Amino acid sequence: SINMKKVFIDLYHLPQYNFFKNVILNFDPSEVGIYCVDRVKLLQVAQHELPDYEINSIGSYKHNKGMFSMIFKIILPRILRLYKEMSKNTYGFVITAHYQANFIAKLKGIPNVAFIDDPRKFVFPILKLSADEVYLPPFESRKKGIKYFNALKEWSYLSPNYLKPDVSILKEYGLKQNEYIFVREVSTETSNYLTQDQGIILSIARTFPKSVKVVLSLEKKENRDLYPEDWIILKEPVPLIHSLMYYSQLVISSGDSVAREGAMLGVPSIYAGIRDMPANRIMINKGLLFKLAPEEIVPMISKIREKELVFPEQDEFRSSLAAEWDDVVSLVMNKIKK
């Protein structure tokens, strides 16, 4: 017997899960099919935060040893499995931030939409051919046939409508408001970062001012001993991680998502990676995100701690963003209702 479900959601990366989480919570677990790839902490976080929902994992990044294995061990088998899954249930709508499920939806004639913020040269053309509608944030250079939503996708969980920072998380780590730095070091083994140096933050960690408290979200935990021993290493998944970022004095990240998140939380943020992303430029233009080379970071830490730079008041800045930007969750829900 074929079951009718409302929505098929495919997640390919932890930031995509964060983007769709509040959309998923609008549905009863019986109404939605949630699929993801087993990559970094995506599966664990989704299962941990959505205990009532069945999260189906297809494809694992442990097979990712380069371009060839990525295509033949992850992408192609995954597309076949997605086809089977969509044949088992009849879905009314497919929603993603990636191209694979849209491609199957197109073959099956299921209405589908994609929300992305990183139109990369290989993925984007496939997505444009597959999806009924592709939505991008309000980038400076516009593309034909693409729709735009007025926000960045992290706003779907960082907007004051959805995030109420919880100061109690600071006690757990012995921290004081505005008296520590939040640092994120990504692994450079995914396709986005193949050309980036390993351990950008690591390369300058020993030159951080000794007096500064540092909380480190480290993707490759086995590198723990390479960082200063007094840095606090988080054990993910951390509930309230965005509260930890919100109350920090400064966010520094070698990955782009966390750098943008910090800026949207109204915290001065530094992106230490190499990618030049239109999504980052939106926050750089708002004056809260800086893209710096490794050797520029420590001098910037001093400037910010010495209050040599002036930033907008945190909650006023967030309120002004809320007034200017779309509520992305409402936008996605309205698409589905239509």
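Residues numbered from 1 in each chain as written. Predicted model: local features only at pLDDT ≥ 70, side-chain atom pairs only at ≥ 80, totals over all residues. Heavy atoms only, no water.

Draft legend 1. Looking closely at the overall build of the protein chain. A tally of helices and strands in the protein chain yields 14 helices and 13 strands. For the protein chain, whose C-alpha radius of gyration is 20 Å, the value lies close to the compact-globule estimate of 20 Å for 338 residues. On the principal axes, the C-alpha backbone points of the protein chain span a range of 65 × 45 × 40 Å. In the form shown here, the protein chain has an accessible surface area of approximately 15,600 Å², with 54% of it arising from carbon and sulfur atoms. In the protein chain, 45 side chains carry a positive charge and 39 a negative one; their mean positions are 6 Å apart. (Helix = DSSP H or I, 4+ residues; strand = E, 2+ residues; numbered from the N terminus. Rg over C-alpha atoms; globule rule 2.2 N^0.38 Å. Areas by Shrake-Rupley, 256 points an atom, 1.4 Å probe, with all protein chains shown as cover. Lys, Arg positive; Asp, Glu negative; His and termini not counted. Charge placed at Lys NZ, Arg CZ, Asp CG, Glu CD.)

Draft legend 2. Quick peek at helix α12 (residues 294-305). The first and last C-alpha atoms of α12 sit 18 Å apart over twelve residues, in line with the 16 Å expected at 1.5 Å per residue. Taken together, the buried positions of α12 are occupied by Ile297, Val298, Met300, Ile301 and Ile304. Within α12, the buried residues cover an arc of 160° as seen down the axis, which keeps them to one side. Lysine 307 sits one or two residues past α12 and shows a positive phi near 60°. (Expected span 1.5 Å × (residues − 1). Buried < 20%, exposed > 50% of the residue type's maximum accessible area, 1.4 Å probe, protein only. Arc of directions from axis to C-beta.)

Draft legend 3. Layout of the pattern of salt bridges. Following the criterion strictly, the structure yields 18 salt bridges and no others. Note that aspartate 117 is salt-bridged to arginine 260, the shortest N-O span being 3.2 Å. Taken as a pair, aspartate 117 in the loop between β5 (112-115) and α5 (123-130) and arginine 260 in helix α10 (residues 256-264) lie far apart in primary sequence, 143 residues in all. The two residues aspartate 117 and arginine 260 agree in class, both being buried. A single salt-bridge network, built from bridges that share partners, covers Asp117, Asp118, Arg120, Lys153, Glu154, Asp256, Arg260 and Arg275. (Salt bridge = Lys/Arg side-chain N within 4 Å of Asp/Glu carboxyl O.)

Draft legend 4. Up close: the side chain of serine 254. Take serine 254: it is sitting in the loop between β11 (250-253) and α10. Owing to a relative accessible area of 1%, serine 254 belongs among the buried residues under this scheme. A polar contact of 3.0 Å, which involves the side chain of serine 254, links it to the side chain of glutamate 185. (Polar contact = N/O pair within 3.5 Å; in protein donor to acceptor, adjacent residues only side chain to side chain.)

Draft legend 5. A look at the packing of helix α4 (residues 100-108) against α5. Where α4 meets α5, the closest approach of the two axes is 8 Å, and the angle between their N-to-C directions is 30°. Put simply, α4 runs roughly parallel to α5. Here α4 and α5 pass one another in a crossing that is left-handed. Counting all contacts with α4, which are made through Asn102, Phe103 and Lys106, the residues of α5 involved are Leu127, Leu129 and Ser130. Its residues assigned to classes, the contact of α4 with α5 shows three nonpolar, two polar and one charged. (Axes fitted to C-alpha atoms, helices over the stretch in contact; angles between N-to-C directions. Parallel < 35°, antiparallel > 145°, perpendicular 65-115°, else oblique. Left-handed = near helix turned anticlockwise from the far one by under 90°. Contact = heavy atoms within 4.5 Å. Nonpolar A, V, L, I, M, F, W, Y, C, P; charged D, E, K, R; others polar.)

Draft legend 6. Looking closely at unusual backbone geometry. Notably, asparagine 178 is not glycine yet its phi reads approximately 60°, a positive angle. One can find asparagine 178 in the loop between α7 (169-173) and β8 (180-185). Not every positive phi belongs to a glycine, and lysine 307 is a case in point at roughly 60°. In this fold, lysine 307 is placed in the loop between α12 and α13 (314-324).

Draft legend 7. A look at the pairing of strand β2 (residues 32-38). Most of β2 sits out of view: six of its seven residues are buried. Bridge count between β2 and strand β3 (residues 55-60): four bridges; the pairing is parallel. Paired with isoleucine 34 across the strands is isoleucine 55, a residue of β3. Tracing the backbone out of β2, into helix α2 (residues 42-49) and back to the parallel element β3 gives a crossover that is right-handed. (Pairing = 2+ DSSP bridges. Right-handed = clockwise from strand over helix to strand, strands pointing away.)

Draft legend 8. Expanded view of the pairing of strand β9 (residues 213-218). Among the six residues in β9, five count as buried, and that is most of the element. As defined by bridge partners, β8 adjoins β9 across six bridges and the pair is classed as parallel. Its bridge partner being in β9, isoleucine 181 is matched across the sheet by valine 214. Bridging between β9 and strand β10 (residues 232-233) involves two bridges; their strand directions are parallel. By the bridge assignment for β10, leucine 216 is matched with isoleucine 233.

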